[in-house]
Each structure stands twice: as C-alpha cells, then as structure tokens.
Amino acid sequence: MEQQQAPRWWAVVAVMIGIFLLVTAEQLPIGLLSQVASSMGVTPGMAGLMVTVPGVVAAFSAPLLPVAVGRLDRRIMLTVLMAVMVAGSVFTAMAGSFALLLASRVLVGLSIGGFWAVAGSIAPRLVPEAQVPKAMTMIFGGVAAASVLGVPLGTLLGDFSNWRVAFGALGGFSLLTAVALWRWLPPLPPREPVRLRVLAQQFSNRGVRVAVLTTAFVVVGHFAAYTFISPILQEISGISQRHVGSLLLLYGAAGIVGNIAAGMFAGRHPYRAVLVIPSLLLIVVAVFPLLGVQPSSGVMLLMAWGAVFGSVSVSIQTWILRTAPNTEAATALMAFTFNMSIGLGAMVGGRIVDGTSLPIAMWAASGLFLMGMLLVLNTPSRIVGETSR
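Residues numbered from 1 in each chain as written. Predicted model: local features only at pLDDT ≥ 70, side-chain atom pairs only at ≥ 80, totals over all residues. Heavy atoms only, no water.

Labelled according to an unreviewed UniProt entry, the chain appears under the name MFS transporter, originating from Halovibrio variabilis.

(A) Structural view of the overall build of the chain. Helices and strands together make up the secondary structure of the chain, namely 17 helices and zero strands. Looking at the chain residue by residue over its 389 residues, the buried ones come to 56%. Partitioning the contacts of the chain with sequence separation of at least 6, the portion at a separation of at least 24 is 85%. A total of about 15200 Å² of accessible surface is found on the chain, and carbon and sulfur atoms cover 69% of it. A distance of 5 Å separates the average location of the 21 positive side-chain charges in the chain from that of its 10 negative side-chain charges. (Helix = DSSP H or I, 4+ residues; strand = E, 2+ residues; numbered from the N terminus. Buried < 20%, exposed > 50% of the residue type's maximum accessible area, 1.4 Å probe, protein only. Contact = heavy atoms within 4.5 Å. Areas by Shrake-Rupley, 256 points an atom, 1.4 Å probe, with all protein chains shown as cover. Lys, Arg positive; Asp, Glu negative; His and termini not counted. Charge placed at Lys NZ, Arg CZ, Asp CG, Glu CD.)

(B) Spatial organisation of the packing of helix α5 (residues 74-94) against helix α8 (residues 163-184). The interhelical angle for the contact between α5 and α8, taken along N-to-C directions, is 165°, at an axis separation of 8 Å. Regarding the angle of α5 to α8, the classification is roughly antiparallel. Once α5 is placed against α8, the crossing between them reads as left-handed. Contacts between α5 and α8 involve R75, I76, L78, T79, M82, A83, M85, V86, S89, T92, A93 and M94 from the former and W163, R164, F167, G168, L170, G171, S174, L175, T177, A178, L181 and W182 from the latter. Considering only residue class, the contact of α5 with α8 consists of 15 nonpolar, seven polar and two charged. (Axes fitted to C-alpha atoms, helices over the stretch in contact; angles between N-to-C directions. Parallel < 35°, antiparallel > 145°, perpendicular 65-115°, else oblique. Left-handed = near helix turned anticlockwise from the far one by under 90°. Nonpolar A, V, L, I, M, F, W, Y, C, P; charged D, E, K, R; others polar.)

(C) Seen up close, the confidence of the model for the chain. In the predicted model, the chain carries a mean pLDDT of 86, and 95% of its residues have values of at least 70. The least confident element of the chain is helix α9 (residues 196-201), whose mean pLDDT is 72; the most confident is helix α17 (residues 358-377), at 96. For residues 1-5, every residue scores under 50 in pLDDT, and the model assigns this stretch 11 contacts once sequence neighbours within four places are set aside. (pLDDT = per-residue confidence, 0-100.)

(D) Representation of the packing of α5 against helix α6 (residues 98-119) within the structure. It is the contact of α5 with α6, at a shortest axis distance of 8 Å, that shows an interaxial angle of 155°. Accordingly, the angle class assigned to the pair α5 and α6 is roughly antiparallel. In this structure, the crossing between α5 and α6 has a hand that is left-handed. Along its contact with α5, which presents R74, M77, L78, L81, M82, V84, M85, A87, G88, F91 and T92, the element α6 presents L101, S104, R105, L107, V108, L110, S111, G114, F115 and V118. Of the residues in the contact of α5 with α6, the class split is 14 nonpolar, five polar and two charged.

(E) How the structure looks around helix α15 (residues 312-323). Given a rise of 1.5 Å per residue, 12 residues ought to cover 16 Å, and the 17 Å separating the end C-alpha atoms of α15 matches this to within 8%. Residues V312, S315, I316, T318, W319, I320 and T323 constitute the buried set of α15. (Expected span 1.5 Å × (residues − 1).)

(F) Representation of the domain arrangement of the chain within the structure. When its domains are assigned, the chain resolves into domain 1 (1-194) and domain 2 (199-388). Taking only C-alpha atoms into account, the centre of domain 1 sits 21 Å from that of domain 2. In this assembly, 35 residues from domain 1 lie in contact with 38 residues from domain 2. Interface of domain 1 and domain 2: buried area, both sides summed, is about 3000 Å²; carbon and sulfur atoms make up 73% of it. Among the residues domain 1 hides against domain 2, the three largest losses belong to I30, W116 and V148. Together they make up 18% of the total. Our count for the contact surface shared by domain 1 and domain 2 stands at zero salt bridges. Those elements that place two or more of their residues in the side of domain 1 that touches domain 2 are α1 (9-27), α2 (33-40), α3 (44-47), α4 (49-69), α6 and α7 (132-160). When residues in the side of domain 1 that touches domain 2 are grouped by element, the largest group, 11 residues, is from α7. When the residues that make up the side of domain 1 that touches domain 2 are grouped by side-chain class, the tally is 21 nonpolar, 12 polar and two charged. (Domains from an automatic or database assignment. Buried area = accessible area lost by both parts, 1.4 Å probe. Salt bridge = Lys/Arg side-chain N within 4 Å of Asp/Glu carboxyl O.)

(G) How the structure looks around the environment of S237. Take S237: it is sitting in the loop between α11 (229-235) and α12 (244-266). What makes S237 buried here is its relative accessible area of 1%. Separated by 52 residues in sequence, S237 and P289 have C-alpha atoms that sit 8.4 Å apart. With sequence-adjacent residues up to four places away left out, S237 is seen in contact with I232, F288, G292, V293, Q294, P295 and G298.

Below you can see the structure in the form of structure tokens.
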C-alpha cells in the first residue's frame, strides 16, 4: 500500500457520488419510460432499450476497458469517464430522434462499466487498511443509493418538468463530480496490468459461481418487470402518472430500510440473507397483478418490492467477501453480471410487454426469482461460513 499522511475520505466520497450518478443515469429511464415513449413516438417496450443499451455496453466495458487503457493513471481514467458521462447525459437531453437517444446511451454505458470496475480496487489506496471495509461500503453504497434514491428523485424532477430536464440536470451534477475527482483523487498509477484470465479463474470457486448466477437471475427478473413500473402502476393499480415519481421516492425509502436491515443481518447470516431475496421477490412480484389492482394495495406491494431489492447489493457483496479467492477480480465480474443483467432484463421484459401483457412479464420475472431461490437452496450454507440453514 502506498504511504499516505491521512485517509482521503473526500476522494472516497467523490468516487461514491460518481457511482451514484452513473447508476442513476443507467436506470433513470425506468421512471420516465412513459414520458419518453410518448415524446419519441415509440412503444414502452422499445423505450426500454434506453436501459438495455447502457447495461450491455457497461457489462463489456467493465472487464475490457481497464485492460485497454493499460497503465493509464486511474485518477485520469475516472475523471475522463465522468466527463464522458457528462457528454452522454447532455446528448440524451438534446436528442431529436430515438436513434440518437440510444446512441447517447452508449456513452453512458462506457462510463458506467469502466468506472465501476476501477472504483472498487482503489479503496485500499485511499484509506488505511483497517478502514478499507468502511471505504468499500461507502463506494458501493452509491449503487444501492442510485436504485433507491437517484432514480426516484430524477423521476420526480421529470414529472415536475420533463424528461429532458432530468437528464440535463444529471449532466450538470456529473460535471461537478468530474472536477471533484480531479481535485481530490491522488495520482493512482496501476500497480499491475489487468488480465482477463483472473476473471475466468473466479468461476472455479463454487461460492463465486453461485453468487454470479443468483445475481443474474435476480437482476434479470427484477428489471424485466421493474423497467415497466410506471405503466404497471398506472394500468394495474390505477395510479395516475403524476404520482409515479412520488411513489418511486417511497420505493427508494423502503430500499434504504432494506439495505440497512440486510447489512446488519448479512454479516452474521450471509446465506440466509441471499436466500430470502429471490424468495420474497417471487412472492411480491407474482401476486402483484392479482392483489395490486387497487392504488392502496399496489403501493403496499411496491414498498415491499423496494425493501427486498434494496438488500441485494450488500447481501451479495458480503457473500463474495466470504467466498471469492480474489475479491477485486470477483467485483469486476459482478459488475459485468449486474450490468449485463440490467440490459438483458429490460430487453426481455420489453419483448414480453409488447408481445403479451404486463402481468405476463411479471410472472416471467417470478420464474427467474424461483430459479435463483432453488439455486441457493441447493448450495451448502457452509461455503459462506454458516453451519446451519
């Protein structure tokens, strides 16, 4: 570890905010889907490609971009990636056609994957060894915060103005963050070149394989349904579009509660913490088309949905820390899996929604949650240090 006079907590905060903004940008179209579809004259399923495109691009840029840039100083890399995010957000806000809109989302995807992959590896270079877990929790807390706060707040801004203003504001905050990264990060030359073979080696560990596959089932299932939460609330629960942004803010608050609860529970019981996620999502999403047909019941199920999904990041990360032979490589692998699953889930959900109906998409998502639950159930709890289930 490099010598340092004091912990660089402002640098940690800047990286956390960067991840928060990038993941918010990736998922923001979820809350604004109906607006974008109407404005661009496309179907909701087609508008869902705004989530698919950056998700797929981010999935591949996570492992490949660090390899491509070689020994480039990570301070420069993170700052440039945030500047690319500024450009992507501005182009999104100004796009005159849906094709240009999707092209701007490619820039967002490049930024997300490269930034996420590098961010997790620099915490030990910013704070003393004893404080690395706290720094890692802060940095990757930006992922959970984006899902539970960034998207709802962006949606609320879009509801009060329009979707272009929301993306423009995201670009403005990203510009400030790029300046903060350049100012607060120290020089960070890479210690050694990133190699792809280390990523592949992680799959030899059963704990990592189960974590990756469970993440894939849960995240694909979640985004196959949640990408269309705006039309779900409107068409199934009878809630007006003007209330969607406020409800997603409540969804975010529920997610924070779930994240805190999971953080306390997963440290002692990582196996059970991961098992409960697909199990509860299966129940909540499967019954939504049947029981969420009134505004009140729809809101209650939405809150439960938010609380459960808010626990995903901390629970899976705890599992990884208990099982991965190389936590940095496993984190890059999880970045690939998570982002690819977001894109795949939005694409699959869009095809189902356009071809059938919203309830069918939700039941298909429930099938993926079932597969994730069965995968964990068929995994010995001892691999994560639990002696009983």
